[in-house]
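Fold and geometry: a report
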Amino acid sequence: EEPTEETPEEVIEEVVVTATKQEKSVQDIPVSIEAFTAEDIDKNMVEDFSDLAEVVPGLIVDKAIGTGASYSMRGVGSYGVGAAVVSSIVTSINGHSANPSWFVDTGFIDLERIEVLNGPQGTLFGRNSVQGVINLITKRPTDEFEGYFDVEAGSYDRKFVTGAINMPISDTVRARIAYGSNTREGMVQNVATGNL
């Protein structure tokens, strides 16, 4: 039956992910996955792992004092915090593993997609991926000269500056450079020194 004004055609956007190390539609892979496109990331204001936990059911991120964080997904926790701790949640940028504590402090910039795979993923990702995997896929260079620059400000003298420039150098060579800075003053004043 052809869609009419009374029964409009429902269109489901196809999201292509690389969660299984191959490009496939998110509807065709047998994995519990949450995928966010660049539009979803902007719309939901996902700037770091704490924001991601607000939109991914079962993901909990607890910021530690100083640097780092502890993670829990589907009730499985990884409570060691520090640069030398191997978390049971695996995070990667463009397929290269990175320490999850690093992302809590720096935030996300210039992303094309975020893929969150729930539950054990040891078959494809190895390591200690008992909780799951979070893949961050950055935007790729295109054949158009373009860019953006964004500044956000907030309380405690917060400044969140992001930007990127895309440069097509020739028909076969392209480059994209992204920048991000996230700074803020402290919330407690040292009465001896006056520093925040």
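To start, this report covers the structure provided alongside it.

Basis of the calculations
Residues numbered from 1 in each chain as written. Predicted model: local features only at pLDDT ≥ 70, side-chain atom pairs only at ≥ 80, totals over all residues. Heavy atoms only, no water. Patch = residues over 30% accessible without salt bridge, like charges linked within 9 Å, V, L, I, M, F, W, Y side chains within 5 Å. Areas by Shrake-Rupley, 256 points an atom, 1.4 Å probe, with all protein chains shown as cover. Salt bridge = Lys/Arg side-chain N within 4 Å of Asp/Glu carboxyl O. Helix = DSSP H or I, 4+ residues; strand = E, 2+ residues; numbered from the N terminus. Buried < 20%, exposed > 50% of the residue type's maximum accessible area, 1.4 Å probe, protein only. Polar contact = N/O pair within 3.5 Å; in protein donor to acceptor, adjacent residues only side chain to side chain. Contact = heavy atoms within 4.5 Å. Phe/Tyr/Trp six-rings, centres within 6.5 Å; stacked < 30°, edge-to-face > 60°. Core = buried A, V, L, I, M, F, W, Y, C linked by side-chain atoms within 4.5 Å. Pairing = 2+ DSSP bridges. Axes fitted to C-alpha atoms, helices over the stretch in contact; angles between N-to-C directions.

1. Points about a nonpolar patch on the surface
- A surface patch of nonpolar side chains, about 310 Å² in accessible area, is lined by Phe145, Ile165 and Ile177.
- Mapping Ile177 onto the fold places it in strand β13 (residues 174-183).

2. A look at the side chain of Asn166
- Take Asn166: it is sitting in strand β12 (residues 158-168).
- By relative accessible area, which is 0% here, Asn166 ends up buried.
- Among the polar contacts made by the side chain of Asn166, one reaches the side chain of Arg176 at a distance of 3.4 Å.
- When residues no more than four places from it in sequence are discounted, the contact partners of Asn166 are Arg140, Pro141, Thr142, Asp143, Glu144, Phe145, Glu146, Ala175 and Arg176.

3. Looking at the pattern of salt bridges
- For the structure on display, the rule yields six salt bridges.
- Ionic pairing is found between Arg113 and Glu112, a salt bridge with its closest N-O pair at 3.4 Å.
- For Glu152, the salt bridge identified is with Arg158, shortest N-O distance 4.0 Å.
- Glu152 gets classed as partly exposed once you look at its relative accessible area, which sits at 28%.
- Relative accessible area serves as the criterion here: at 22%, Arg158 is assigned to the partly exposed category.
- One network of salt bridges, with partners in common, ties together Glu47, Glu152 and Arg158.

4. Remarks on the packing of aromatic side chains
- In the structure shown here, the tally under the stated rule is one aromatic pair.
- Taken together, a centroid distance of 5.5 Å and an interplanar angle of 80° make the contact between Phe49 and Phe108 edge-to-face. With Phe49 in helix α2 (residues 49-55) and Phe108 in the loop between α3 (100-106) and β9 (111-118), the pair connects residues that are 59 residues apart, well separated along the chain. Of the two residues, Phe49 and Phe108, neither departs from the other in class, the shared state being buried.

5. Quick notes on the nonpolar core
- If you look at the biggest cluster of nonpolar residues, it comprises 21 residues, and the most contacted ones within it are Phe49, Leu52, Leu59, Val61, Phe108, Ile114 and Ile134.
- Taken together, the elements giving at least two residues each to this core come down to α2, β4 (59-63), β5 (69-73), α3, β9 and β10 (132-138).
- What Leu52 contacts, discounting residues up to four positions off in sequence, is Phe36, Val46, Leu59, Phe108, Ile114, Val116 and Ile134.
- By size, the runner-up hydrophobic cluster in this structure holds seven residues, among which are Ile29, Ile33, Val90 and Leu117.

6. Section: the environment of Ala175
- On the secondary structure map, Ala175 appears in strand β13.
- In this structure the C-alpha to C-alpha distance between Ala175 and Pro141, which are 34 residues apart in sequence, comes to 5.5 Å.
- Discounting residues that sit within four places of it in the chain, Ala175 has contacts with Pro141, Ile165, Asn166, Met167 and Ile169.

7. Considering the sheet that holds strand β11 (residues 146-154)
- The antiparallel open sheet is built from three strands, whose spatial order is β11-β12-β13. A strand with exactly one partner marks an edge of an open sheet, and here the two such strands are β11 and β13. Neighbour-to-neighbour, the strand axes of this sheet turn through a mean angle of 0°, independent of strand direction.
- Summarising the sheet, β11 and β12 pair through nine bridges and their orientation is antiparallel. Across the sheet, residue Gly147 finds its bridge partner in β12, namely Ile165.

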